[in-house]
Amino acid sequence: MTSTGMRTEAEDSGPSGYAAARLRLLQEGARSGPPRRAALAELTDEWLTGLFGAGTQGGKGGGGRRDGLRGVSLVAVGGYGRGELSPRSDLDLLLLHDGGDSGAVAALADRVWYPVWDLGLALDHSVRTPGEARKTAGDDLKVQLGLLDARHIAGDLGLTASLRTAVLADWRNQAPKRLLELQELCVERAERQGELQYLLEPDLKEARGGLRDATALRAVAASWLADAPREGLADARRRLLDVRDALHLATGRATDRLALQEQDQVAAELGLLDADTLLRQVYEAARVVSYASDVTWREVGRVLKSRAVRPRLRAMLGGGAKPAAERSPLAEGVVEMDGEVVLARAARPERDPVLPLRAAAAAAQSGLPLSLHAVRRMAAAVARPLPTPWPAEAREQLVTLLGSGRPTIEVWEALEAEGLITRLLPDWERVRCRPQRNAVHIWTVDRHLIETAVRASELTRRVGRPDLLLVASLLHDIGKGWPGDHSVAGEIIARDVATRIGFDRADVAVLATLVRHHLLLVDTATRRDLEDPATVRSVADAVGSQGTLELLHALTEADALATGPAAWSSWRGSLVTDLVKRVAAVLAGDAPEEPEAAAPTAEQERLAIEAFRTGGPVLALRAQAEPPTEEEPSGDPEPLGVELLIAVPDQPGVLPAVAGVLAMHRLTVRTAELRAFDLPDGVRGSVLLLNWRVAAEYGSLPQAARLRADLVRALDGSLDIAARLAERDAAYPRRRGTIAPPPRVTVAPAASRHATVIEVRAHDAPGLLHRIGRALEDARVRVRSMHVSTLGANAVDAFYVTGTEGTPLPGEEAASVARGLEEMLRG
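Residues numbered from 1 in each chain as written. Predicted model: local features only at pLDDT ≥ 70, side-chain atom pairs only at ≥ 80, totals over all residues. Heavy atoms only, no water.

Of regular secondary structure, the protein possesses 31 helices and 15 strands. Relative to its full complement of 827 residues, the protein shows a buried share of 53%. Sequence separation of 24 or more characterises 71% of the internal contacts of the protein that already satisfy a separation of 6 or more. Roughly 36,800 Å² of accessible area belongs to the protein as shown, and the carbon and sulfur atoms make up 51% of that amount. (Helix = DSSP H or I, 4+ residues; strand = E, 2+ residues; numbered from the N terminus. Buried < 20%, exposed > 50% of the residue type's maximum accessible area, 1.4 Å probe, protein only. Contact = heavy atoms within 4.5 Å. Areas by Shrake-Rupley, 256 points an atom, 1.4 Å probe, with all protein chains shown as cover.)

Right, here's the structure in full:
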């Protein structure tokens, strides 16, 4: 039956005709989604118009004059006003009148409301004059939101139009105040209902990312103050409405909660494979709405802040032009502007495949959101894909992003919203938005993996390879979605991903072991007899080394904490710790001996002799590059940075001086080694050789002559490095940044027969090595050699130190030096 035919039946037969036509419409298999909602709204409009016309003259669009009644109209508001009638939706109606004959208005209201109630339809109704409607809207934000979608049904069209105009004008005039109320309402609702994109039994309307938030975005757009990202938003809203329609039909109730027992039936109603497919579609839609909400509310905040500041700026500038927004550099091609991370004017995303990871890492480390425009520009750029394996910078930026704590989540979601994550890591597609039907898990698989990385970032001081811990956290459940044991499938995927992103063969093996056995410690500790030597030996055989055990212990804790409150407890933690101690005792015999220092190269010997001859520092800069890749065996190699060789006559203060000069020139230290070089026979004296791998934070590298000149001044005391670094830090605005775990300084037991080994694990920051070097100098210990690694944003450094006599430090003195160094770094 056509909609016209249904309208005729509804008009001719009264309530029973409408009910029959409504039932036929809802049972039509060929019509669903937006067409059915629109047809249902149209059918209801015609029926209500008939009811309204029975008490007035002129019907729809008429003047509404009968029985002395003047100026009255019937108005749909809220969801009905938008034409979004689901099978069991309320009818939101306003009987609008100009204040004339109140008895006639009441009689008309009865003639419209009672037939609706008689059919058992839910009705949200009100009778008001335009002035009363505006006043109520001013007092009640929810009423005002409903009136923003007001739509004329019958009666005096001019009365409805004038109300709509007035309500929209009120909304725009009061936007600075009302939008803040609306945002607060959205936040409170999200705290109460949770996030739609993660809930196993979500409320499609009230949960964050649901239909209420989509409606709030329409209200923001109506204010003309800001607008939501439109790409995908209409489709996400449609998908959520389709699911609600199917839920109403499946249950026969006006419910918005997608309960577990009804998901299979709803999926069948929508023609989907199963309940998991249904949830995944709901999560994807909710994620679009949530991301659009984040971007929109951020824009609202920026606009309101700009409006508050602008009058004062104009007064200060004498009414001149608006000053240009300040742009603070964060990394190569990445700057901060107006509280967001944007691309620098000179950035060329089409030529820089590492830029998305670099921008994301800079944003997460700064605790700032990635600009929507920046993410979309990077996603739209047809950049040369990352080679296989990835260049070192790409891997380091990924590790930095994963190790940034809570800010990682928002930045990761921004990349994922534009498809950049699956472009970088294709295996991510199988776990994206994948539900976990387990009461212990509170997140989808993909969010759980990011949550695990966030938790792992708090444990990086416990491990010698924080980069492997963070990547293992990202990959440990990557096998979910594949047939069979997800740990077994995950091991295969992890090997492939780790190789692709550029880890060497040994690191790939460790990552594969961590993914394969990420449940081993907690399962063994809680289900097996730890007093049985065979139990401990089996774990030791699976793990293989002390370093892997250390990583697996941290991964186990991070995984459990990211699962949910029921997955970890002090009791479980104590059992796992006990097992780890027993396994470590078995593996203790595998501890490696101190490596022998490699013989100096011819170039190092030449530099050392030249430094001794001149009595000053000698430098050599040499560009480093990636080896040819499988995909581009003959292409241009990717730059890794610069190798900086420095030879300096042995004297106090070399380490802090060199590290400070590099920090002054904004050079990031990736690796560094220091060792004393004894000159050839017949030449009395010693030279310190320092081998650094450095990269510019942004901009070009300084010339070697400038580095040497500053180093000479630093060594003779004419350059106050600490003051220069403090001045530079003070010149830049303070950013929130990430809250890194506190530094940890320990004395490695029995690590060397010739020196005391002090291990430092800390958050990398400009001038970190300079501060460590000064602290060791102040403690009057001599750095015999050092090995420095920067893994993402984590510094893992080992200093082989001796006393003034060249012997290892006594135990208490070594502990005192470590405590003092840790206190300095914490301060």
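On to the sheet that holds strand β5 (residues 327-331), then. Taken in spatial order, the three strands line up as β5-β6-β7 in an open sheet, and their pairing is antiparallel. Bordering the open sheet on either side are β5 and β7 (340-343), each of which pairs with just one other strand. Between one strand axis and the next, the sheet turns through 40° on average, direction left out of account. Where strand β6 (residues 334-337) meets β7, four bridges bridge the pair, whose relative direction is antiparallel. (Pairing = 2+ DSSP bridges. Axes fitted to C-alpha atoms, helices over the stretch in contact; angles between N-to-C directions.)

On to the packing of aromatic side chains. Aromatic ring pairs are reported here in terms of the distance separating the ring centres and the angle at which the planes meet. According to the stated counting rule, one finds four aromatic pairs in the structure shown. Arranged with centres 4.2 Å apart and planes meeting at 5°, the rings of Y18 and W47 form a pair that is stacked. Here Y18 is found in helix α1 (residues 3-27), whereas its partner W47 is found in helix α2 (residues 33-53), with 29 residues between them in sequence. Assigned by exposure class, Y18 and W47 land together as buried. Where Y198 meets W443, the ring centres are 4.9 Å apart and the plane angle is 90°; that geometry is what we call edge-to-face. On the criterion of sequence distance, the pair formed by Y198 in the loop between α8 (175-193) and α9 (211-222) and W443 in the loop between α17 (420-424) and α18 (445-457) is long-range, its members being 245 residues apart. By relative accessible area, W443 is classed as buried at 17%. In this structure, R430 is placed above the aromatic ring of W482, and the distance from its NZ or CZ to the ring centre is 3.8 Å. Here R447 stacks its cationic end above the ring of W443, 4.2 Å away from the centre of that ring. (Phe/Tyr/Trp six-rings, centres within 6.5 Å; stacked < 30°, edge-to-face > 60°. Lys NZ or Arg CZ within 6 Å of the ring centre and 35° of its normal.)

For the structure shown, the criterion picks out 60 salt bridges. Linking D294 and R208 is a salt bridge whose minimum nitrogen-to-oxygen distance equals 2.4 Å. With D294 in helix α12 (residues 275-316) and R208 in the loop between α8 and α9, this pair connects stretches of sequence that are 86 residues apart. Residue class for D294 comes out partly exposed when judged on its relative accessible area of 25%. What makes R208 buried here is its relative accessible area of 19%. Through salt bridges with shared partners, a single ionic network connects R37, D235, R238, R239, D242, D245, E284, E429 and R432. (Salt bridge = Lys/Arg side-chain N within 4 Å of Asp/Glu carboxyl O.)

Here we come to the packing of helix α5 (residues 130-139) against helix α6 (residues 141-148). Think of two packed helices as two axes; the pair is described by the angle between the axes and how far apart they sit. Where α5 meets α6, the axes come as close as 5 Å, and the angle between the chain directions of the two elements is 125°. Viewed along their axes, α5 and α6 adopt a mutual orientation that is oblique. By crossing handedness, the relation of α5 to α6 is classed as left-handed. Touching A133, T136, A137 and D139 of α5 are L141, V143, Q144 and L147, all from α6. Here the residues of the contact of α5 with α6 are counted per class, giving five nonpolar, two polar and one charged. (Parallel < 35°, antiparallel > 145°, perpendicular 65-115°, else oblique. Left-handed = near helix turned anticlockwise from the far one by under 90°. Nonpolar A, V, L, I, M, F, W, Y, C, P; charged D, E, K, R; others polar.)

A separate point is helix α13 (residues 355-366). With 12 residues, α13 extends 16 Å between its outermost C-alpha atoms, agreeing within 8% with the 16 Å of an ideal straight helix rising 1.5 Å per residue. Counting buried residues along α13, 12 of its 12 residues qualify, which places the element largely inside the surrounding structure. Immediately downstream of α13, the backbone of G367 shows phi near 70°, a positive value. (Expected span 1.5 Å × (residues − 1).)

Looking now at unusual backbone geometry. In this structure, P389 follows T388 across a cis peptide bond, with omega equal to 0°. Its identity as a non-glycine residue notwithstanding, D338 has a phi of 55°, on the positive side. Note on placement: D338 falls in the loop between β6 and β7. Phi is positive for C433, which is not a glycine, with a value near 60°. Among the structural elements, C433 can be located in the loop between α17 and α18.

Right, let's talk about the packing of α8 against α9 for a bit. Where α8 meets α9, the axes come as close as 11 Å, and the angle between the chain directions of the two elements is 170°. When the axes of α8 and α9 are compared, the pair comes out roughly antiparallel. Of α9, the residues touching α8 (which contributes L179, L182, C186 and R189) are R212, D213, A216, A219 and V220. The residue inventory of the contact of α8 with α9, partitioned by class, reads six nonpolar, no polar and three charged.

Attention now moves to the environment of P391. Tracing the sequence through the fold places P391 in the loop between α14 (372-380) and α15 (392-402). Residues P391 and F503 lie 112 residues apart in sequence; the distance between their C-alpha atoms is 10.0 Å.

Below, the discussion takes up the nonpolar core. With 92 residues, the main nonpolar core has L370, W390, W412, L425 and W428 as its most contacted residues. Counting residues per element, this core draws most heavily on α13, at eight residues. V642, A663, L674 and L769 belong to the second largest nonpolar core, which has 50 residues in total. (Core = buried A, V, L, I, M, F, W, Y, C linked by side-chain atoms within 4.5 Å.)

Once that is clear, we can look at the environment of E262. For E262, the location among the structural elements is in helix α11 (residues 260-269). Once the C-alpha coordinates of E262 and L247 are considered, the two residues, 15 residues apart in sequence, prove to be 7.7 Å apart. Apart from residues no more than four positions distant in its own chain, E262 is found in contact with L247, T251, R253 and R257.

The strand order across the open sheet built from four strands is β3-β2-β1-β4, with neighbouring strands paired in mixed fashion. Among the strands making up the open sheet, the edge pair consists of β3 (123-128) and β4 (151-155). On average, each strand axis in the sheet is tilted by 25° relative to the strand beside it, whichever way the strands run. Pairing of strand β1 (residues 72-76) with β4 involves four bridges; the strand directions are antiparallel. Bridged to V75 within β4 is H152. In the packing of α2 onto the sheet, the strands contacted are β1, β2 (91-97) and β4, and the crossing angle to β4 comes to about 35°. Helix-sheet contacts for α5 involve β2 and β3, and the interaxial angle to β3 is about 120°.

This part takes up the pairing of β3. For a regular strand, side-chain orientation follows a simple rule: the groups alternate between the two sheet faces. Where β2 and β3 come together, six bridges link them in parallel fashion. The partner of D92 across the bridge, within β3, is D124. Taking the sense of rotation as the criterion, the β-α-β connection linking β2, helix α4 (residues 102-118) and β3 turns out right-handed. (Right-handed = clockwise from strand over helix to strand, strands pointing away.)

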